[in-house]
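Structural description and commentary
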Amino acid sequence: MLESLENDVFLFSSLRTHAELFEASRQLLTDDKKIKSFETFSNDVKGIKDSHRKYLEAEYEFAVGTVQMAERWEAFEDGDNYYLQYRTAGDDKVRDSHAILHNITLPKTDLFWLKYFAPNGWRCRCTVVQVLARNNKVSNSKKALKNGEKATTQIGKNGKNTLEIFRFNPAVQKVAFPPKHPYHKIAGATKVKSMVKKQQNAK
């Protein structure tokens, strides 16, 4: 599990670097296809670096969260004696879309956990704990799935759901970052993934 997560972090970092460099390369020319002065180019690239630094903090927190939750999933007991229970941080910073998931209680085998196991977004502080089945009432699975879908739905300007990428279970899929993150779709990303895979296989 740890090796798989480490490999995924390395892959994501490589794709992230590629995305930043790709974005910087597109700043070399003006709109009318003339080469910018170095000063202009440098300022434009600095803006890219500043914006990516903000992303970096959120990505770091997400990676820490998914690794911790994957470890927790592995430690959860199997069987009918226990349920898993979704919990938010319980303060005024909890986003409304995640508040509807609070206290959802279902068996570990329920499909809900394959898509909506915490964390469910950037800077998400939600967690999942194991509770005794005899002391807790099981939630309605269909309603839980609908709430999970609602919590991970935000339609962007392009008409696409920007939060759908968070519908995964890091422990089951053995990844630390969303497998469908936009970094995977940038031109040249396939070549980067191929190179990283070769390097990892050579270890």
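These lines cover the structure that appears in this document, whether it is placed above or below. (Residues numbered from 1 in each chain as written. Predicted model: local features only at pLDDT ≥ 70, side-chain atom pairs only at ≥ 80, totals over all residues. Heavy atoms only, no water.)

Digging into the packing of helix H1 (residues 2-25) against helix H2 (residues 38-75)
Running from N to C, H1 and H2 cross one another at 165°; their axes reach a closest spacing of 10 Å. Of the possible angle classes, the one that applies to H1 and H2 is roughly antiparallel. For the pair H1 and H2, the sense of crossing is right-handed. In contact with Leu-5, Phe-12, Arg-16, Glu-20, Glu-23 and Ala-24 of H1, H2 contributes Phe-41, Val-45, Ile-48, Lys-49, His-52, Arg-53, Tyr-55, Leu-56, Glu-59, Val-67 and Ala-70. Residues that form the contact of H1 with H2 fall into these classes: 10 nonpolar, 1 polar and 6 charged. (Axes fitted to C-alpha atoms, helices over the stretch in contact; angles between N-to-C directions. Helix = DSSP H or I, 4+ residues; strand = E, 2+ residues; numbered from the N terminus. Parallel < 35°, antiparallel > 145°, perpendicular 65-115°, else oblique. Left-handed = near helix turned anticlockwise from the far one by under 90°. Contact = heavy atoms within 4.5 Å. Nonpolar A, V, L, I, M, F, W, Y, C, P; charged D, E, K, R; others polar.)

Let's talk about the state of the cysteines
As enumerated under the stated definition, the model contains 0 disulfides in all. Free of any disulfide, Cys-124 has its nearest cysteine sulfur in Cys-126, 3.6 Å distant. With a relative accessible area of 14%, Cys-124 lands in the buried category. (Disulfide = S-S within 2.5 Å. Buried < 20%, exposed > 50% of the residue type's maximum accessible area, 1.4 Å probe, protein only.)

A closer look at the pattern of salt bridges
Any two side chains of opposite charge can pair, so long as their charged atoms come close to each other. This model, assessed by the stated rule, comprises 8 salt bridges. Notably, a salt bridge pairs Asp-78 with Lys-108, separated by 3.2 Å at the nearest N-O pair. Of the two residues, Asp-78 sits in the loop between H2 and strand S1 (82-87) while Lys-108 sits in the loop between strand S2 (105-106) and helix H4 (112-116), which places them 30 residues apart along the sequence. By relative accessible area, Asp-78 is classed as exposed at 60%. (Salt bridge = Lys/Arg side-chain N within 4 Å of Asp/Glu carboxyl O.)

Observations regarding the side chain of Thr-152
Secondary-structure assignment places Thr-152 in the loop between helix H5 (141-151) and helix H6 (170-173). For Thr-152, a relative accessible area of 0% translates into the label buried. Discounting chain neighbours no more than four positions away, the residues touching Thr-152 are Tyr-116, Asn-120, Asn-161, Leu-163, Glu-164 and Arg-167.

Side note on a positive patch on the surface
Together, Lys-115, Lys-160, Lys-180 and Lys-185 line one region of the surface with positive charge. Within the secondary structure, Lys-185 sits in the loop between H6 and helix H7 (189-201). (Patch = residues over 30% accessible without salt bridge, like charges linked within 9 Å, V, L, I, M, F, W, Y side chains within 5 Å. Areas by Shrake-Rupley, 256 points an atom, 1.4 Å probe, with all protein chains shown as cover. Lys, Arg positive; Asp, Glu negative; His and termini not counted. Charge placed at Lys NZ, Arg CZ, Asp CG, Glu CD.)

Concerning H7
In a regular helix each residue adds 1.5 Å, so 13 residues correspond to 18 Å; H7 covers 18 Å between its end C-alpha atoms and thus fits that length. Among all positions in H7, only Ala-189, Val-192, Val-196 and Gln-200 are buried. The arc enclosing the buried residues of H7, seen along the axis, measures out at 70°, which places them on a common side. In this structure, H7 carries Thr-190, Lys-191, Met-195, Lys-197, Lys-198 and Asn-201 as exposed residues pointing more than 90 degrees from its buried face. (Expected span 1.5 Å × (residues − 1). Arc of directions from axis to C-beta.)

Overview of the nonpolar core
Among the nonpolar cores identified, the biggest contains 38 residues, and Trp-73, Tyr-86, Ile-104, Phe-112, Trp-113, Phe-117 and Val-128 are the most heavily contacted of them. The set of elements that each furnish at least two residues to this core consists of H1, H2, S1, H4, H5 and H7. (Core = buried A, V, L, I, M, F, W, Y, C linked by side-chain atoms within 4.5 Å.)

Details of the sheet that holds S1
Strand pairing in a sheet takes place through backbone hydrogen bonds and is either antiparallel or parallel in direction. Read across the sheet, 3 strands follow the order S2-S1-S3 without closing on themselves; strand pairing throughout is antiparallel. Edge positions in the open sheet fall to S2 and strand S3 (127-132), since each of these has one partner strand only. Judged from the 2 bridges that link them, S1 and S2 form a sheet pairing that is antiparallel. Bridging across to S2, Leu-84 finds its partner in Leu-106. In the packing of H2 onto the sheet, contacts are made with S1 and S3, and the angle to S3 comes to roughly 15°. (Pairing = 2+ DSSP bridges.)

Remarks on unusual backbone geometry
The peptide bond linking Ala-118 to Pro-119 adopts the cis configuration, its omega dihedral lying at 0°. Tracing the backbone through its elements, the reader meets Pro-119 in the loop between H4 and S3. Look at Arg-123: it is not a glycine, yet its phi comes out positive at around 65°. Within the element layout of this structure, Arg-123 appears in the loop between H4 and S3.

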